[in-house]
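Read off the chains here:
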Amino acid sequence: MAKTGYGKRSAGDEDPHADPDFAHLSPRDAEIAVFVDHLEAGHAMGYKAIAAAHPRYGQQAVRTSLGRITVAGHLRWIKEHITVEDNSMRWVTRTYWSRTRRSPEWWADFARELHGRDVTEDYMRGLVRVEDAEEPAPKAEEAVPQETSAAEQSATEQPSAAYQTLADVRAADTRMPLSDADCRSLESLAAEWLSRGATPNDITRALTDGLPPAVTNPGGLARNRLENKMPPKKAKTRQKAAVRRARVTRVIMACGLCDADERTTEIVDGLCRECLAEIEAEGPVYVHKPVPETFLPGPRESGGGLPGADEVIDVTERVDALRRAAGLL
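Residues numbered from 1 in each chain as written. Predicted model: local features only at pLDDT ≥ 70, side-chain atom pairs only at ≥ 80, totals over all residues. Heavy atoms only, no water.

Trainee: So what about the overall build of the chain? Which residues, and what values?
Mentor: Of the regular secondary structure elements, the chain holds 13 helices and six strands. Here the chain, with 329 residues, has 36% of them falling under the buried criterion. Across the chain, the fraction of contacts at a sequence separation of at least 24, relative to all contacts at a separation of at least 6, is 65%. (Helix = DSSP H or I, 4+ residues; strand = E, 2+ residues; numbered from the N terminus. Buried < 20%, exposed > 50% of the residue type's maximum accessible area, 1.4 Å probe, protein only. Contact = heavy atoms within 4.5 Å.)

Pasting the structure below:
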């Protein structure tokens with residue numbers, strides 16, 4: 001299964017299951033299409049994930065078949081630009097599946113209808129992948145930060161509140177002259193005190209009250225007191241997270257095999273030109289021509305007859321003769 005909000009999604013308004021659903025595809029493509037059609041909603045739709053679940057075909061075969069199934073009109077990858085109420089904006093790629101074969105025009109209309117849709121139920125913080133493709137790239141000289149020495153970094157860093165509290169203990173009581181190494185070693189303990197609601201004065205009192213006349217190991221004594229006098233954890237108040245409304249503000253088609261999209265390339269029948277050429281190089285998408293309703297001659301405008309039919313041939317006697325020879329009559 002894919003992460004919640006991703007994976008297989010139904011395009012909706014499909015015909016009921018029937019044997020000829022994928023009759024226009026080659027046998028292998030039809031088998032994989034039936035397999036995908038029976039996957040539950042939310043299943044990962046990458047060719048690697050499907051190949052891992054399919055009992056017969058590997059990654060390359062599944063990848064090629066998914067490309068053919070896409071060109072045939074059953075599958076589309078659509079990138080939706082989501083804007084949330086806090087003004088954060090994200091791109092998320094959705095995979096839409098249709099058992100019923102759809103035309104490119106139908107998919108184009110389907111994508112346009114997604115614009116403006118409320119997707120609050122599908123939005124999860126941290127779920128969608130942020131893309132900065134539309135922002136200008138940094139200049140070459142700005143792309144690689146200059147290296148700084150450890151001494152320079154140390155000089156520019158501001159000490160934390162926990163470190164500064166420990167460093168100030170020296171001024172409160174000269175018997176506790178904590179060194180820089182002591183302060184860094186004890187910083188995490190002091191930070192834990194502060195996170196539990198203690199103040200810097202609370203830490204100072206804990207480290208200076210009731211000291212002996214001479215302290216031979218200020219760092220060890222401070223560690224012992226910080227650990228043994230640690231205040232209890234603050235009770236966390238449960239607050240219901242406010243629901244942030246999320247809406248699709250832009251929709252673009254993406255290639256089903258390489259993730260390129262309309263911002264950088266042309267998408268034809270659900271694939272970019274390069275992936276489409278790769279699929280076509282292995283042979284044309286196998287499509288059955290519809291069988292006419294009758295083999296009798298008739299106006300082509302009405303769909304009757306086969307091309308070239310110009311007479312009616314009565315084969316009744318011939319069929320009867322064959323059946324008699326087979327002992328069926």
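Back to the write-up after that little detour.
Trainee: Give a detailed account of the sheet that holds strand S1 (residues 8–10), specifying residues and quantitative values.
Mentor: In space, the four strands of this open sheet follow the order S1-S3-S2-S4, with mixed pairing throughout. The strands lining the two open edges of the sheet, one partner per strand, are S1 and strand S4 (246–254). Put simply, the sheet's adjacent strands are angled 45° from each other on average, direction ignored. Here nine bridges tie strand S2 (residues 75–84) to strand S3 (residues 89–97), and the two strands are oriented antiparallel to one another. Residue Thr 83 lies in a different strand from S3, and its bridge partner there is Met 89. Packing against the sheet, helix H3 (residues 59–72) makes contact with S2 and S3, and its axis sits at approximately 80° to S2. (Pairing = 2+ DSSP bridges. Axes fitted to C-alpha atoms, helices over the stretch in contact; angles between N-to-C directions.)

Trainee: Just give me the short version of helix H4 (residues 104–114), but keep the residues and values in it.
Mentor: Every buried residue belonging to H4 is among Trp 107, Phe 110, Ala 111 and Leu 114, and all of these are buried. Burial along H4 is one-sided: seen end-on, the buried residues are contained in an arc of 95°. Opposite the buried face of H4, at more than 90 degrees from it, the exposed residues are Glu 105, Arg 112 and Glu 113. Structurally, H4 contributes buried residues whose contacts are with S2, S3 and S4. (Arc of directions from axis to C-beta.)

Trainee: Residue-level account of the side chain of Thr 165, with values.
Mentor: Within the element layout of this structure, Thr 165 appears in helix H7 (residues 161–167). Of the residues examined, Thr 165 reaches a relative accessible area of 6% and is grouped as buried. Apart from residues lying up to four places away in sequence, Thr 165 is in contact with Pro 200, Ile 203 and Thr 204.

Trainee: Tell me what's going on with the packing of helix H10 (residues 200–208) against helix H11 (residues 218–228), and back it up with residues and numbers.
Mentor: Contact geometry of H10 with H11 gives a least axis separation of 9 Å together with a crossing angle of 120°. Relative to H11, H10 is oriented oblique. H10 and H11 meet at a crossing whose hand is right-handed. Listed contacts from H11 to Ile 203, Ala 206, Leu 207 and Thr 208 of H10 are Ala 222, Arg 225 and Leu 226. Counted by class, the contact of H10 with H11 contains five nonpolar, one polar and one charged residues. (Parallel < 35°, antiparallel > 145°, perpendicular 65-115°, else oblique. Left-handed = near helix turned anticlockwise from the far one by under 90°. Nonpolar A, V, L, I, M, F, W, Y, C, P; charged D, E, K, R; others polar.)

Trainee: Give me the lowdown on the nonpolar core, citing residues and values where you can.
Mentor: In summary, soluble globular proteins display a tendency toward joint burial of nonpolar side chains. Counting residues in hydrophobic clusters, the biggest one holds 25 residues, and the most contacted among them are Ile 78, Phe 110, Cys 255 and Leu 271. For this core, the secondary-structure elements that each account for two or more residues are S2, S3, H4, S4, strand S5 (267–268), strand S6 (271–272) and helix H12 (273–281). Residues contacting Leu 271, with those up to four places away along its chain left out, are Gly 67, Thr 70, Val 71, Cys 255, Gly 256, Leu 257, Glu 266, Leu 276 and Ile 279. (Core = buried A, V, L, I, M, F, W, Y, C linked by side-chain atoms within 4.5 Å.)

Trainee: Account for the pairing of S3, naming residues and giving values.
Mentor: Here S3 lies mainly inside the structure; eight of its nine residues are buried. Both S1 and S3 contribute to a ladder of three bridges, which runs parallel. Paired with Lys 8 across the strands is Thr 95, a residue of S3.

Trainee: So what about H12? Which residues, and what values?
Mentor: For H12, the full list of buried residues reads Cys 275, Leu 276 and Ile 279. Angular distribution of buried residues about the axis of H12 spans 100°; they occupy a single face of the element. When the buried face of H12 is taken as reference, the exposed residues oriented beyond 90 degrees from it are Glu 274 and Ala 281. Buried-residue contacts for H12 involve H3, S5 and S6. Taken from the residues just after H12, Gly 283 is the one with a positive phi, measuring 125°.

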